Amino acid sequence: MTQGPTTSRPAAAAAGGDELTRAVLHHQAGELAEAEALYRAALARQPDDAPVLNLLGQIRLERADAQEAAALLGRAWQLAPQTPGLALVYGQALHAHGQ
């Protein structure tokens, strides 16, 4: 499926500070539960944060939850369709979900 987050560390850091940087580092290290918890906490504060929606969607896709992945990535696409790589990952989630 996907190979780690497609949002760069600098972009993610600018989007949410130290907590988001830690989340991305956990994600890159394959520590998906830790990264997911931090991404969800970030979304609780800012539900329309497209980079975080994208990253959490990638984790849900990696964890074979195509339905939630498609919903998260679809919302990220609505908010920031110009994001590099987002269309590909969103398409992968839709395909995995059977859409």
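Definitions and limits used
Residues numbered from 1 in each chain as written. Predicted model: local features only at pLDDT ≥ 70, side-chain atom pairs only at ≥ 80, totals over all residues. Heavy atoms only, no water. Helix = DSSP H or I, 4+ residues; strand = E, 2+ residues; numbered from the N terminus. Buried < 20%, exposed > 50% of the residue type's maximum accessible area, 1.4 Å probe, protein only. Contact = heavy atoms within 4.5 Å. pLDDT = per-residue confidence, 0-100. Arc of directions from axis to C-beta. Axes fitted to C-alpha atoms, helices over the stretch in contact; angles between N-to-C directions. Parallel < 35°, antiparallel > 145°, perpendicular 65-115°, else oblique. Left-handed = near helix turned anticlockwise from the far one by under 90°. Nonpolar A, V, L, I, M, F, W, Y, C, P; charged D, E, K, R; others polar.

Trainee: Explanation requested: the environment of leucine 43 in the structure shown.
Mentor: Mapped onto the fold, leucine 43 is located in helix H3 (residues 32–45). With a relative accessible area of 13%, leucine 43 lands in the buried category. Each C-alpha atom, one on leucine 43 and one on leucine 56, is 9.3 Å from the other, the two residues being 13 residues apart in sequence. Apart from the residues lying within four places of it in its own chain, the contact partners of leucine 43 are Asp49, Val52, Leu53 and Leu56.

Trainee: Teacher, can you tell me more about the confidence of the model for the protein chain here?
Mentor: Any residue range with low pLDDT should be treated as having predicted coordinates unsuitable for detailed reading. Chain-level pLDDT for the protein chain is 88 on average; 84% of the residues reach the 70-or-more range. This stretch, residues 8–15, has a pLDDT under 50; its non-local contacts, to residues over four places away or in other chains, come to 12 contacts.

Trainee: Mind showing me how you'd approach helix H2 (residues 18–28) here?
Mentor: Residues three or four positions apart in an α-helix share a direction because the helix packs 3.6 residues into each turn. Regarding H2, the residues found buried are Leu20, Ala23, Val24 and His27. The buried residues of H2 occupy an angular sector of 95° when projected down its axis, which confines them to one face. Following H2 by one or two positions, glycine 30 adopts a phi angle in the positive range, close to 80°.

Trainee: Whenever I open this one, unusual backbone geometry confuses me. Can you help?
Mentor: Backbone phi values are negative for most residues with the exception of glycine, while trans is the configuration of most peptide bonds. With a phi close to 65°, alanine 64 is a non-glycine residue in the positive phi region. Considering the arrangement of structural elements, one finds alanine 64 in the loop between helix H4 (50–62) and helix H5 (66–79).

Trainee: Would you take a moment to explain the packing of H4 against H5 for this structure?
Mentor: In helix packing, the relevant descriptors are the interaxial angle and the interaxial distance, both defined with respect to the helix axes. Running from N to C, H4 and H5 cross one another at 155°; their axes reach a closest spacing of 8 Å. Comparing the axis directions of H4 and H5 gives the class roughly antiparallel. The element H4 and its partner H5 pack so that their crossing is left-handed. For the pair H4 and H5, contact is made by Ala50, Leu53, Asn54, Leu56, Gly57, Gln58, Arg60 and Leu61 and by Glu68, Ala69, Leu72, Leu73, Arg75, Ala76 and Leu79, respectively. Grouping the constituent residues of the contact of H4 with H5 by class yields 9 nonpolar, 3 polar and 3 charged.

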